[in-house]
Amino acid sequence: MKTKDNQTQNQSVFSLKNTKYLENQKRRLYCMSLLILLVLFNFGETSAQEDGVEDAYKPFSIGAHLKNMHLWHGSVVHPGAVIATDLEYNSRNQKFTFGFWGGASFSGRDVFNEATNEYVSAYYKEFSIYTSYRISDKFFIEAVSHNNYTGVEERGDELQYWSYDKTQGYNFVDVSFGYNVTPNTLLYLATIIGGGSGDYQIEADGSLKNSWTQYFEINSKVWKNENSNLSVFVGGAWSFFTDKTFYTEGAGNVVNVGATFNRDFNVINYKVPVAVTAMWNPEAQKTVLQLDIALF
């Protein structure tokens, strides 16, 4: 005969399994929605190919960058050399984009494994998914699933690529809007969704309150000539709901100030774009210089 405690325990186990099942179903639905959306955009476009004329439209592209470090919104994601690659689809009208971005490091960084009570080396690993839609020549909307799973297994955790548990600290989604107020000046606003990757504040009762951190950046090209240009930028973060934000330990603050110099170098008959970014984070009191070489 089942006791009341056993019934309660079984109900808890069933509820947990049911919750995990629903979460998995939501993830599958999310992936299927993205694939269906991609197919619809591709199917809905008319072909520009005519008899005897080769179609110049190239829906897919790939790219690779070699960097001495990887920066993002005022943060040093990895302090060592990395190679970043991307695979991207663009619609014929250049309005819709869907792609994958990945990064891997040449050197490791120490992470702490609680099971062995020691530090172990972990290489930077990221595989992110992004999509954007250009509503007009000036305005676009973008969504990115950031999947940085550096050190997850090394620190003794179970790797679950599609897990967006806010306490795991390696997967999160942000939605952003961009608006070109002039051809040379971009306003950019990004919002982290649902407390992902630690974007929350621990309340007095132990509950987790989502921050929904906002990041706003102004980026403006201030000088250019035939093969180079200079841009300056400033970005800050804040939350309407909590004191702590994703980018700061306390209240909102300026987190990303700097300049980027771009220049194209000719190597034999090949053009190699190179960018150098000087970045200062007033919140973290961190200053770095990033070199970014576009291989193709």
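Please refer to the structure higher up on the page.
Everything numeric in this text was worked out from a predicted model, so none of it was measured.

Once that is clear, we can look at the packing of aromatic side chains. Counted by the stated rule, this structure contains 17 aromatic pairs. Plain terms: the ring middles of Tyr215 and Tyr247 are 5.4 Å apart, the flat faces sit at 40° to each other, and that makes the pair tilted. Separated by 32 residues along the polypeptide, Tyr215 in strand β12 (residues 214-224) and Tyr247 in the loop between β13 (228-238) and β14 (253-267) bring together distant segments of the chain. Tyr215 gets classed as buried once you look at its relative accessible area, which sits at 0%. Here the aromatic rings of Trp223 and Phe261 are separated by 6.5 Å at their centres, their planes lie at 20°, and the arrangement is stacked.

Let us look at unusual backbone geometry. Only a minority of non-glycine residues have a phi that is not negative, and only a minority of peptide bonds are not trans. A positive phi angle, close to 50°, is found at His73, a residue other than glycine. With respect to the element layout, His73 can be found in the loop between β2 (70-72) and β3 (75-78). Phi at Ser197 takes a positive value of approximately 55°, unusual for a residue other than glycine. Considering the arrangement of structural elements, one finds Ser197 in the loop between β9 (185-192) and β10 (200-202).

In this structure, strand β5 (residues 96-113) lies alongside strand β6 (residues 118-134), joined through 15 bridges in antiparallel fashion. The residue of β6 that forms the bridge with Ala104 is Lys125. Where β5 folds back on β6, the antiparallel hairpin that results is connected by four residues, among which Asn117 adopts a positive phi of roughly 60°. Bridge analysis of β6 against strand β7 (residues 139-147) gives six bridges, and the strand direction is antiparallel. Note on β7: the bridge partner recorded for Tyr130 is Val144. Remark: four residues form the turn of the hairpin made by β6 and β7, two consecutive strands paired antiparallel.

On to the side chain of Ser128. Along the chain, Ser128 turns up in strand β6. There is a polar contact of 3.2 Å between the side chain of Ser128 and the backbone nitrogen of Asn147. When near neighbours in sequence (up to four residues on either side) are disregarded, Ser128 contacts Gly99, Phe100, Trp101, Ser145, His146 and Asn147.

Glancing now at the environment of Ser121. Among the secondary structure elements, Ser121 is positioned in strand β6. Overall, Ser121 belongs to the partly exposed group, its relative accessible area being 44%. Residues Ser121 and Ser107 lie 14 residues apart in sequence; the distance between their C-alpha atoms is 8.7 Å.

Attention now moves to the sheet that holds strand β16 (residues 286-294). Taken together, the twelve strands give a closed barrel; going around it, the order is β1-β4-β5-β6-β7-β8-β9-β12-β13-β14-β15-β16, and neighbouring strands pair in antiparallel fashion. Across this sheet, the average inter-strand angle for adjacent strands is 20°, counted without regard to direction.

The pairing of strand β1 (residues 60-67) with β16 spans three bridges and is antiparallel. Counterpart to Lys67 in the pairing with β16 is Asp292. As defined by bridge partners, strand β15 (residues 270-281) adjoins β16 across eight bridges and the pair is classed as antiparallel. Bridge assignment links Trp280 to a residue of β16, and that residue is Thr287.

With that settled, consider the environment of Val181. Its location among the elements puts Val181 in strand β8 (residues 171-182). For the pair Val181 and Phe139, spaced 42 residues apart in sequence, the C-alpha to C-alpha distance is 9.1 Å.

Taken together, Ile62, Leu66, Ile83, Leu87, Phe106, Phe265, Val267, Ile268, Tyr270, Leu295 and Phe296 make up a surface patch of nonpolar side chains, about 1,100 Å² in accessible area. For the nonpolar patch, the secondary-structure elements that each account for two or more residues are β1, β4 (82-90) and β14. Take Phe265: its relative accessible area is 40%, and that puts it in the partly exposed class.

Further remarks concern the nonpolar core. Formed by Phe140, Phe172, Tyr188, Ala190, Ile192, Tyr215, Ala237, Tyr247 and Val255, the largest nonpolar core amounts to nine residues. When residues in this core are grouped by element, the largest group, three residues, is from β9. Ignoring anything within four residues of it in the chain, the contact list for Phe172 reads Trp72, Val144, Ser145, His146, Tyr164, Ile192, Gly196, Ser197 and Phe246.

Here we come to the pattern of salt bridges. Considering all chains together, one arrives at four salt bridges under this definition. Asp157 serves as the salt-bridge partner of Arg155, at 2.6 Å between the closest nitrogen and oxygen. Given the relative accessible area of 27%, Arg155 is considered partly exposed. Note on Asp157: relative accessible area 36%, which makes it partly exposed. The salt bridge involving Lys271 is made with Asp264; its shortest N-O contact spans 4.0 Å. Classification of Asp264 as partly exposed rests on a relative accessible area of 27%.

Basis of the calculations
Residues numbered from 1 in each chain as written. Predicted model: local features only at pLDDT ≥ 70, side-chain atom pairs only at ≥ 80, totals over all residues. Heavy atoms only, no water. Phe/Tyr/Trp six-rings, centres within 6.5 Å; stacked < 30°, edge-to-face > 60°. Helix = DSSP H or I, 4+ residues; strand = E, 2+ residues; numbered from the N terminus. Buried < 20%, exposed > 50% of the residue type's maximum accessible area, 1.4 Å probe, protein only. Pairing = 2+ DSSP bridges. Polar contact = N/O pair within 3.5 Å; in protein donor to acceptor, adjacent residues only side chain to side chain. Contact = heavy atoms within 4.5 Å. Axes fitted to C-alpha atoms, helices over the stretch in contact; angles between N-to-C directions. Patch = residues over 30% accessible without salt bridge, like charges linked within 9 Å, V, L, I, M, F, W, Y side chains within 5 Å. Areas by Shrake-Rupley, 256 points an atom, 1.4 Å probe, with all protein chains shown as cover. Salt bridge = Lys/Arg side-chain N within 4 Å of Asp/Glu carboxyl O. Core = buried A, V, L, I, M, F, W, Y, C linked by side-chain atoms within 4.5 Å.

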